[in-house]
Amino acid sequence: MTLLSIRRKLENILSKYQKYLLGIAIMLSSLAVSISSGNGNVKLILQNYPIIIFFMVLISSFLVVLYIQINKRKIANLSNQRSVQGEK
């Protein structure tokens, strides 16, 4: 298997499951900043684990960027197909 074929497979898989990337990103961000309240106090649920919060937000940001990149590629591909069809 060549590097190019592996990349195409990965792009196909990511494109297929693109809609889940945004949902997972939203869930991770929500969990990272989730709060609890009691006795008049409001606190982060994961306040004792700042590194976990950091990585959850980092992964969430990565997934959003990945989602945007996949969208850009899809739009570019559709745009190229349309221009090729217009030339015929």
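Each remark here, short or long, concerns the structure printed above.
In short, a report on the structure. Here the structure is a predicted model, which is why all the values come from computation and not from measurement.

Observations regarding the pairing of strand E1 (residues 35-38)
Right, on to step 1. Sheet topology places E1 next to strand E2 (residues 41-44); 4 bridges connect them, and they run antiparallel. Within E2, the position partnered with Gly-38 by the bridge is Asn-41.
Right, on to step 2. Hairpin connection of E1 to E2: 2 residues between the antiparallel strands, including Asn-39 at a positive phi of 55 degrees.

Some thoughts on the environment of Val-42
Right, on to step 1. Tracing the sequence through the fold places Val-42 in strand E2.
Right, on to step 2. Residue classification places Val-42 among the exposed positions, given a relative accessible area of 60%.
Right, on to step 3. Here Val-42 is in contact with Ile-35, Ser-36 and Ser-37, once residues within four sequence places are set aside.

Overview of the side chain of Ser-60
Right, on to step 1. Positionally, Ser-60 belongs in helix H3 (residues 50-87).
Right, on to step 2. Contact partners of Ser-60, with chain neighbours within four places excluded, come to Ala-25, Leu-28 and Ser-29.

Looking at the nonpolar core
Right, on to step 1. Residues Leu-21, Ala-25, Leu-28, Ala-32, Ile-53, Met-56, Leu-63 and Ile-70 constitute the largest nonpolar core, which totals 8 residues.
Right, on to step 2. Of all the secondary structure elements, the ones that give two or more residues to this core are helix H2 (18-32) and H3.
Right, on to step 3. Excluding residues that lie within four positions of it along the chain, Leu-21 makes contacts with Leu-63, Leu-66, Tyr-67 and Ile-70.

Side note on the pattern of salt bridges
Right, on to step 1. Summed over all chains, the structure comprises 2 salt bridges.
Right, on to step 2. Of the charged contacts, one joins Glu-11 and Arg-73 as a salt bridge, the two residues approaching to 2.7 Å between their closest N and O atoms. Of the two residues, Glu-11 is situated in helix H1 (residues 3-16) and Arg-73 in helix H3; the sequence distance between them amounts to 62 residues.
Right, on to step 3. Glu-11 gets classed as partly exposed once you look at its relative accessible area, which sits at 30%.
Right, on to step 4. On the accessibility criterion, Arg-73 (43% relative accessible area) is partly exposed.
Right, on to step 5. Residues joined in a network through salt bridges with shared partners are Arg-7, Glu-11 and Arg-73.

Analysis parameters
- Residues numbered from 1 in each chain as written.
- Predicted model: local features only at pLDDT ≥ 70, side-chain atom pairs only at ≥ 80, totals over all residues.
- Heavy atoms only, no water.
- Pairing = 2+ DSSP bridges.
- Helix = DSSP H or I, 4+ residues; strand = E, 2+ residues; numbered from the N terminus.
- Buried < 20%, exposed > 50% of the residue type's maximum accessible area, 1.4 Å probe, protein only.
- Contact = heavy atoms within 4.5 Å.
- Core = buried A, V, L, I, M, F, W, Y, C linked by side-chain atoms within 4.5 Å.
- Salt bridge = Lys/Arg side-chain N within 4 Å of Asp/Glu carboxyl O.

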